[in-house]
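For reference, the chains in residue letters:
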Amino acid sequence: MDRVTCFCRMPKCRNAVIMKPTRRLWGLVVAIAVGIAACVTTPYTNRSQLVLLSESEEMALGVAAYKEVLSQSEVTAGRPLDVVERVGQRIARVADKPAYQWQFTVIDDAKTANAFALPGGKVAVYTGLFPIAKDEAGLAAVMGHEVAHALARHGAERMSQGMVLQLGAVGLSAAMGGKDPALANAVMSAYGLGAQVGVALPFNRSQESEADRIGMILMAKAGYDPEAALHLWERMGESESGGRPPEYLSTHPSATTRQEQIRGWLPEARGYLVKDPQLTVAALPAIK
Ligand SMILES: [Zn+2]
């Protein structure tokens, strides 16, 4: 089986937005950024964010990217989809974001233990994640995490950071005009590594941790014991024990770090728990 990475690394997408800003635009964007950054905060964690896209722009990008990814994937119907939709919609309901058209899809790929969220509430889960999620409570932890990414506008935040970096690179290029070209190229290529703009960028560690924390609150509000998130990451840790691709280390907290953080957030999440006697937590369908 392919190595498990993280259940929310975004798939590669050709819908990346490439900005070609001028220096005049740079000034404008910085001015806008200062104004907008002051009034955008994440739900539950109240962190100030730099978000330069409107929600409608962000949602349009999410819809286009989702369509693109699904057109290249084998989408599954039937029982796996029923479970994912039921649990996902339950979490989406308590996320209380009526502007989003929440959509949940199952991608038939037993070798990929992954899931992703795109802006505007577009979520997909690969069947390879089912054995690690194990039951509906484990799946609720996954869905809570993914819904949290969309709700906290992490994609738009990453795109905004990329836009600022891109604008910074334009300024750097102008400043280095006429200087040593070898040095200029070296600096630009180093700078360019962090200056990609688009929905294909992976989330960073602090966004991952924030999605874990908000996700636990959402699953609790939807009736699931947030301790299931801890057990999910214990299983994820066991499945990763053979080693991980290096990119995981740079962009995601380790499974052990996640478990420690999740333990610390359990009392907060349990404060939101809404018990539902009707809620059943069945094992997920077996995947061949
Ligand atoms: Zn994530």
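Scroll up to find the structure this text is about.
Residues numbered from 1 in each chain as written. Predicted model: local features only at pLDDT ≥ 70, side-chain atom pairs only at ≥ 80, totals over all residues. Heavy atoms only, no water.

(A) Focus on the pairing of strand β4 (residues 122-126). Burial analysis of β4 places five of its five residues in the buried class, which makes it a mostly covered element. Of the two faces of β4, the one lined by K122, A124 and Y126 and the one lined by V123 and V125 are each fully buried. The pairing of strand β2 (residues 103-107) with β4 spans five bridges and is parallel. Note on β4: the bridge partner recorded for F104 is V123. Bridging between strand β3 (residues 115-118) and β4 involves four bridges; their strand directions are antiparallel. Counterpart to L118 in the pairing with β4 is K122. Following β3, the chain reverses through three residues before pairing antiparallel with β4; G120 in that reversal takes a positive phi of roughly 90°. (Buried < 20%, exposed > 50% of the residue type's maximum accessible area, 1.4 Å probe, protein only. Helix = DSSP H or I, 4+ residues; strand = E, 2+ residues; numbered from the N terminus. Pairing = 2+ DSSP bridges.)

(B) View of helix α9 (residues 227-239). Relative to the 18 Å expected for 13 residues at 1.5 Å per residue, α9 spans 19 Å between its end C-alpha atoms, a close match to the ideal helical length. Every buried residue belonging to α9 is among A228, A229, L230, L232, W233 and M236, and all of these are buried. (Expected span 1.5 Å × (residues − 1).)

(C) A look at the nonpolar core. Within the largest apolar cluster, 53 residues are counted, with the highest numbers of intra-cluster contacts made by I91, M143, L218 and Y224. By residue number, the principal contributor to this core is helix α5 (residues 136-151), which donates ten residues. Setting aside chain neighbours within four positions, we find L218 in contact with Y44, I91, V94, A95, G144, V147, A148 and L151. The next biggest cluster of nonpolar side chains, apart from the first, holds nine residues, and it includes Y66, L70, L118 and A124. (Core = buried A, V, L, I, M, F, W, Y, C linked by side-chain atoms within 4.5 Å. Contact = heavy atoms within 4.5 Å.)

(D) Region of interest: unusual backbone geometry. You will see that Y44, though not glycine, has its phi angle at about 70°, which is positive. Mapped onto the fold, Y44 is located in the loop between α1 (23-37) and α2 (55-71). Unlike most non-glycine residues, K134 shows phi in positive territory, near 70°.

(E) Quick look at the pattern of salt bridges. If you walk through the whole model with that rule in mind, you get eleven salt bridges. A salt bridge links R90 to D276; the nearest nitrogen and oxygen atoms lie 2.6 Å apart. Here R90 is found in helix α3 (residues 79-95), whereas its partner D276 is found in the segment after α11 (255-270), with 186 residues between them in sequence. The network of salt bridges with shared partners includes R47, E157 and E210. (Salt bridge = Lys/Arg side-chain N within 4 Å of Asp/Glu carboxyl O.)

(F) Highlighting the packing of aromatic side chains. Applying the stated rule across the entire model yields four aromatic pairs. Aromatic side chains W102 and F104 sit 6.4 Å apart centroid to centroid with 10° between the ring planes, which places their arrangement in the stacked category. The exposure class of W102 is buried, given its relative accessible area of 13%. On the basis of relative accessibility, which here comes to 3%, the residue F104 falls in the buried class. These aromatic residues form a ring-pair network of at least three members: Y100, W102 and F104. (Phe/Tyr/Trp six-rings, centres within 6.5 Å; stacked < 30°, edge-to-face > 60°.)

Bear in mind that shape data such as this cannot, by itself, settle questions of function.
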